[in-house]
Amino acid sequence: MKFDLIIALATVSVAIVLSMRSVARFALWRAVVTPLASIIGSGFLLLGPILNIGYGGYAPLIMLVLCLAAFLFGGVIRFNIAAGEKSVQNGDYGRAAIRIETIASWTLAFAYIISVSYYLNLLGAFALSLTPFNSGFDAKLLTTGVFIIIVLVGWSRGFKSLEKMEYVSVSLKLAIIAGLLVGLMGHFGHQALNDGLIFNPQKVSGWSAITLAFGLLITVQGFETSRYLGSEYDAKTRIKSMRLAQWLSTAIYLVYILLISYVFRPDQMSSSETGIINMMQIVAPILPFLLVAAALASQFSAAVADTSGSGGLFSELSRNRISERHAYLLLAIIGIALTWSADIYAIVSYASRCFAIYYGLQAALGAVIATKRDAGGLRVGFYAALAVFGAIIAIFGQPVE
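This structure is a prediction, so every number in the text was calculated from the model and none was measured.

Asks: Would you mind showing me how to read the overall build of the chain here?
Replies: Assigned secondary structure in the chain consists of 17 helices and 0 strands. Since a compact globule built from 401 residues should have a radius of gyration of about 21 Å, the 21 Å found for the chain is in line with a globular shape. Principal-axis analysis of the C-alpha atoms gives the chain an extent of 65 × 50 × 45 Å. Looking at the chain residue by residue over its 401 residues, the buried ones come to 54%. When contacts within the chain are restricted to residue pairs at least 6 apart in sequence, those whose partners lie at least 24 apart make up 84%.

Okay, here's the thing in structure tokens:
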């Protein structure tokens, strides 16, 4: 009971700090919140069990590699922001840059469609996880219903009213993550003092281990959202906010995976999408309820944001030949089809491939811009290599089995 109170106090304290006017209105923090929330959203719920079951005691190392890959792709996107989006659109860097940027934007629009399916399927699973209706069929029914609700809201009224929930849901999620980390620190310390730490064996190795990591790229995705906040923040702020969001998320993820990797036996872990709930029940009874609350708030707000973003991209790229309303309908049709034809880990893999293509294209764009700006052969070659790396991830990334 005392442990639950400590976790609750930590959660409430962080929530209070984040809700303070001086914090909520701080321009740089608001610019950081959007990419930070995207990076440590759904991945936080899935990565613990996946990495521990697949990689055992080497899970923190794989987490570090995933964050490093994300930081490298983030670096090229920051370079592209500094080069100026309008300069690319105006043809200052040549027709090749315009074409790459257009293809990348189309790719991102479709990646958003798949990511919304990922968010809502996770929402459906977590929403029913602590109820008598905790079955795959019921979760898919709930997910389908939420898809329909989102499309109806977007079709009739738009998302402006729902988008106001973003900062509140993000603050709630970050506060719950703080409480979770406090709980894990206490549990880890208790196990260490009683010689109870465990180094679990890895279940995947060789090429399978590499392709599985490729399929998890989406769990550290989200930093690219800084690039599309140009109407709210200048380039310098967006670059700084993306870098800070990636550093903060890397620190949070590494501490989380480190604390979770050596305290659970294989029989205490589950590969289901809600496996983290059973693991946290061992740490403290309050944590499963906090995780469900975080999942509902974060997944719904993320789905709304990506639905809105996808609709806007389709409308802009098609020069209004595809309206935002029709884009929402397309998103729902594809999302519901994915819900009933694939499991959550297959959807994660599909989304990872789409985002890998997008990041690879951004790296190719960076190589073109670097060439035009005479930024040096080393930079051009590095960005070209990143473009190839994005293609490799897209081709060989595999879902969790």
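Asks: Which parts of the structure should I look at to understand the nonpolar core?
Replies: Generally speaking, a soluble globular protein has its nonpolar side chains buried in company with each other. Counting residues in hydrophobic clusters, the biggest one holds 126 residues, and the most contacted among them are L51, M63, Y118, Y253, Y256 and M280. For this core, the element with the highest residue contribution is helix α16 (residues 344-372), accounting for 18 residues.

Asks: Whenever I open this one, helix α8 (residues 136-156) confuses me. Can you help?
Replies: Working note: α-helix, 3.6 residues per turn, so residues spaced by three or four point in the same direction. Counted at 1.5 Å a residue, the expected span for α8 with its 21 residues is 30 Å, and the 30 Å between its end C-alpha atoms agrees. Every buried residue belonging to α8 is among A139, T143, T144, V146, F147, I150, V151 and G154, and all of these are buried. Along α8, the residues classed as buried sweep out an arc of 165° about the axis, all on the same side. Relative to its buried face, α8 has exposed residues pointing more than 90 degrees away, namely F137, L152 and S156. Packing partners of the buried residues in α8 comprise α7 (95-127), α14 (286-317) and α15 (324-341).

Asks: Any chance you could explain unusual backbone geometry here in plain terms?
Replies: Negative phi values dominate among residues other than glycine, just as trans dominates among peptide bonds. Here the phi dihedral of D195 falls at roughly 55°; this positive angle occurs in a residue that is not glycine. Among the structural elements, D195 can be located in the loop between α10 (166-193) and α11 (206-214). Classification of D195 by relative accessible area gives exposed; the value is 74%.

Asks: Help me understand the side chain of T211, please; the structure alone is not making it clear to me.
Replies: Residue position: T211 is located in helix α11. In this view, T211 contacts F396, G397 and Q398; residues no more than four positions away in its chain are not counted.

Asks: Where do I start with the packing of α16 against helix α17 (residues 377-396) in this structure?
Replies: Each packed pair of helices is defined by two parameters, the angle between the axes and the distance between the axes. Close contact between α16 and α17 brings their axes to 8 Å; oriented N to C, the two are set at 165°. On the basis of their axis angle, the class for α16 and α17 is roughly antiparallel. Two packed elements cross with a definite hand, and for α16 against α17 that hand is left-handed. Facing α16, whose interface residues are R353, A356, I357, G360, A363, A364, G366, A367, A370 and T371, α17 presents R379, V380, Y383, A384, L386, A387, G390, I393, A394 and I395. Grouping the amino acids of the contact of α16 with α17 by side-chain chemistry returns 14 nonpolar, 4 polar and 2 charged.

Asks: I keep staring at the packing of α7 against α8 and nothing clicks. Help me out?
Replies: Put simply, α7 and α8 touch, their axes get as near as 8 Å, and they point 130° apart. As far as their axial angle goes, α8 and α7 are oblique. As for the relative orientation of α7 and α8, their crossing is right-handed in sense. Residue-level contacts link V116, S117, L120, N121, L123, G124, A125 and A127 of α7 to A139, L142, T143, V146, F147 and I150 of α8. Among the residues forming the contact of α7 with α8, the class breakdown is 10 nonpolar, 4 polar and no charged.

Asks: Honestly, the environment of F147 in this entry has me stumped. Any pointers?
Replies: Examined against the element boundaries, F147 turns out to sit in helix α8. Each C-alpha atom of the pair F147 and S208 lies 34 Å from the other, and the pair is 61 residues apart in sequence. Beyond its immediate sequence surroundings of up to four residues, F147 is in contact with V116, S117, L120, L331, A332, G335, I336 and T339.

Asks: How should a nonpolar patch on the surface be read in this particular structure?
Replies: Residues W207, I210, V388, I392, I395 and F396 make up a contiguous nonpolar surface patch of about 560 Å² in total accessible area. At the level of elements, α11 and α17 are the ones that each hand at least two residues to the nonpolar patch. Broken down by element, the nonpolar patch gets its largest block of residues, 4 residues, from α17. One can find W207 in helix α11.

Asks: Would you mind going over the side chain of Q191 with me for this structure?
Replies: Tracing the sequence through the fold places Q191 in helix α10. Taking relative accessible area as the criterion, Q191 reaches 18% and is therefore assigned buried. Q191 has contacts with G196, L197 and V263, leaving out every residue within four places of it along the chain.

Conventions used here
- Residues numbered from 1 in each chain as written.
- Predicted model: local features only at pLDDT ≥ 70, side-chain atom pairs only at ≥ 80, totals over all residues.
- Heavy atoms only, no water.
- Helix = DSSP H or I, 4+ residues; strand = E, 2+ residues; numbered from the N terminus.
- Rg over C-alpha atoms; globule rule 2.2 N^0.38 Å.
- Buried < 20%, exposed > 50% of the residue type's maximum accessible area, 1.4 Å probe, protein only.
- Contact = heavy atoms within 4.5 Å.
- Core = buried A, V, L, I, M, F, W, Y, C linked by side-chain atoms within 4.5 Å.
- Expected span 1.5 Å × (residues − 1).
- Arc of directions from axis to C-beta.
- Axes fitted to C-alpha atoms, helices over the stretch in contact; angles between N-to-C directions.
- Parallel < 35°, antiparallel > 145°, perpendicular 65-115°, else oblique.
- Left-handed = near helix turned anticlockwise from the far one by under 90°.
- Nonpolar A, V, L, I, M, F, W, Y, C, P; charged D, E, K, R; others polar.
- Patch = residues over 30% accessible without salt bridge, like charges linked within 9 Å, V, L, I, M, F, W, Y side chains within 5 Å.
- Areas by Shrake-Rupley, 256 points an atom, 1.4 Å probe, with all protein chains shown as cover.
- Salt bridge = Lys/Arg side-chain N within 4 Å of Asp/Glu carboxyl O.

Taken by themselves, the reported measurements are silent on function.
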